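Below are the chains, spelled out letter by letter.
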Amino acid sequence: MQDYLTRDYVAQQSGAAYQVSIWTPAGEPPAGGWPVVYVLDAKAMFATFVEAIQRSGRRPDATGIGMAAVVGIAHGGEHLFATEHRYRDYTFEASSLVESAQAGGGRVFLGFIVDQLAPELSAEFSFNRERQSLFGHSLAGYFVLNALAIRPQAFCYYAAISPSVWWQPEALTERLQQLDAAVSARVLIATGEWEGQPAPWISEPERSALITRRAPRAMLEHAAAAAELLAQRLSAAQVRYRCFPEEDHSSVVMIGIQRSLRQFFE
């Protein structure tokens, strides 16, 4: 992977600390600036995004993917996923299925990205504010859908992979129902076939435990319902839902990254 920058940021409103990684393609930016993808859970996703663009962006005629900058937003610490910080930043209210004293900081975190981080980076690195994408997986995918509902003009493209709509489906539905048909953003919601039932490679006793945990979450049903609602509120042409065969909650991420980039450049 080519060189990238990593900086520490403190959110002005909350005082929360974040590690932000920035990568830009080599050469001069196009007219209007680089398209840019903002990636959540960057410790697990940032390098994969950069490598996907480096590989596929060389041949946009064959891949449908062009060159774009990547901004990864990560929580501190050594873990790929900082669980309690994710509960704090990716949710907008409490959940009946998960107990967390920190839940509900999503609006503040969204404000950090849209009002503090993006303007600063766009000015410094020649990013195109009209071509910004937001990508999240799992609970971060739930955040992406809420971000669309709350700040629909902030990004031109929202990618929610395996979104954890189960966290608070009623609240998300209510927010999405407020979207105006004039919103021009495009949306990808994607899941894996084996998010409803355990993948065949999972054996007992893990299989039974996974069924018990996933049953009340109804991942596939919630994701499909969110996509259907968005197609009604916006338009069918703006919303794409994909359930990829033979993929699970974790494995679908790799396909989701590639598909989200291709759709971003359509």
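Use the structure listed above.
Keep in mind it's a predicted model, so treat the numbers as computed, not measured.

Enquirer: Please explain the pairing of strand 7 (residues 186-192) as it appears in this structure.
Expert: Along any regular strand, the residues point their side chains to alternate faces of the sheet. The element strand 7 is largely enclosed, with a buried count of seven among its seven residues. Covered by surrounding structure in strand 7 are R186, L188, A190 and G192 together with V187, I189 and T191, the residues of both alternating faces. Summarising the sheet, strand 6 (residues 157-161) and strand 7 pair through five bridges and their orientation is parallel. Across the sheet, I161 pairs through a bridge with A190, a residue of strand 7. Alignment of strand 7 against strand 8 (residues 239-244), held across six bridges, turns out to be parallel. Residue pairing across strands places A190 opposite R242, the latter belonging to strand 8.

Enquirer: Sorry, what's going on with the layout of surface pockets here?
Expert: Rolled over the atoms, a probe as big as a water molecule pinpoints where empty space is left. Here the largest pocket defines a volume of roughly 520 Å³. Lining the largest pocket we find 20 residues, and of these R86, S138, S164, R217 and H249 sit closest to its centre. Elements represented by at least two residues in the lining of the largest pocket include exactly helix 3 (83-90) and helix 7 (206-214). Here the lining of the largest pocket is built from residues that sort into eight nonpolar, six polar and six charged.

Enquirer: Explain the nonpolar core to me, please; I cannot follow it from the model alone.
Expert: Here is a general trend for soluble globular proteins: nonpolar side chains tend to be buried in one another's company. Core analysis: the largest hydrophobic core is formed by 59 residues, its most contacted members being Y38, L40, L121, F127, F143 and L230. Counting 26 residues, the second-largest nonpolar core is a separate cluster that includes A42, A52, Y157 and L188.

Enquirer: So what exactly am I meant to see when it comes to the environment of Q116 here?
Expert: Among the structural elements, Q116 can be located in helix 4 (residues 106-125). Between the C-alpha atoms of Q116 and V10, which are 106 residues apart in sequence, the distance is 9.8 Å. Within the structure, Q116 has its side chain in polar contact with the backbone oxygen of V10 (distance 3.0 Å).

Enquirer: Before we go on, may I ask you to explain the pattern of salt bridges in this structure?
Expert: Side chains bearing opposite charge may pair, as long as their charged atoms lie close to each other. A full pass over the atoms with the stated rule returns eight salt bridges. E124 serves as the salt-bridge partner of R7, at 2.6 Å between the closest nitrogen and oxygen. Taken together, the positions of R7 in strand 1 (residues 5-10) and E124 in helix 4 put the pair 117 residues apart, joining distant regions of the chain. Its relative accessible area of 25% is what places R7 among the partly exposed residues.

Enquirer: So what exactly am I meant to see when it comes to the environment of M67 here?
Expert: Within the element layout of this structure, M67 appears in the loop between helix 2 (60-63) and strand 4 (69-74). Under the relative-accessibility criterion, M67 is labelled partly exposed at 29%. Sequence spacing of M67 and V50 is 17 residues, and the spatial spacing of their C-alpha atoms is 9.8 Å.

Enquirer: What is the right way to look at the packing of helix 6 (residues 169-176) against helix 8 (residues 219-233) in this model?
Expert: Describing two packed helices takes the angle between their axes plus the distance from one axis to the other. Two elements in contact, helix 6 and helix 8, have axes separated by 10 Å at closest approach and are oriented at 15°. Judged by the angle between their axes, helix 6 and helix 8 are roughly parallel. When you trace helix 6 past helix 8, the crossing you get is right-handed. Each of P169, T173 and L176 in helix 6 lies in contact with helix 8, whose residues at this interface are H222, A226, L229, L230 and R233. In terms of residue class, the contact of helix 6 with helix 8 is made up of five nonpolar, two polar and one charged.

What counts and how
Residues numbered from 1 in each chain as written. Predicted model: local features only at pLDDT ≥ 70, side-chain atom pairs only at ≥ 80, totals over all residues. Heavy atoms only, no water. Buried < 20%, exposed > 50% of the residue type's maximum accessible area, 1.4 Å probe, protein only. Helix = DSSP H or I, 4+ residues; strand = E, 2+ residues; numbered from the N terminus. Pairing = 2+ DSSP bridges. 1 Å grid on protein atoms, 1.4 Å probe; cavity = no way out; pocket = protein on both sides within 12 Å on 5 of 7 lines; lining within 4 Å. Points joined across faces, edges and corners; volume = space filled by probe spheres on them. Nonpolar A, V, L, I, M, F, W, Y, C, P; charged D, E, K, R; others polar. Core = buried A, V, L, I, M, F, W, Y, C linked by side-chain atoms within 4.5 Å. Polar contact = N/O pair within 3.5 Å; in protein donor to acceptor, adjacent residues only side chain to side chain. Salt bridge = Lys/Arg side-chain N within 4 Å of Asp/Glu carboxyl O. Axes fitted to C-alpha atoms, helices over the stretch in contact; angles between N-to-C directions. Parallel < 35°, antiparallel > 145°, perpendicular 65-115°, else oblique. Left-handed = near helix turned anticlockwise from the far one by under 90°. Contact = heavy atoms within 4.5 Å.

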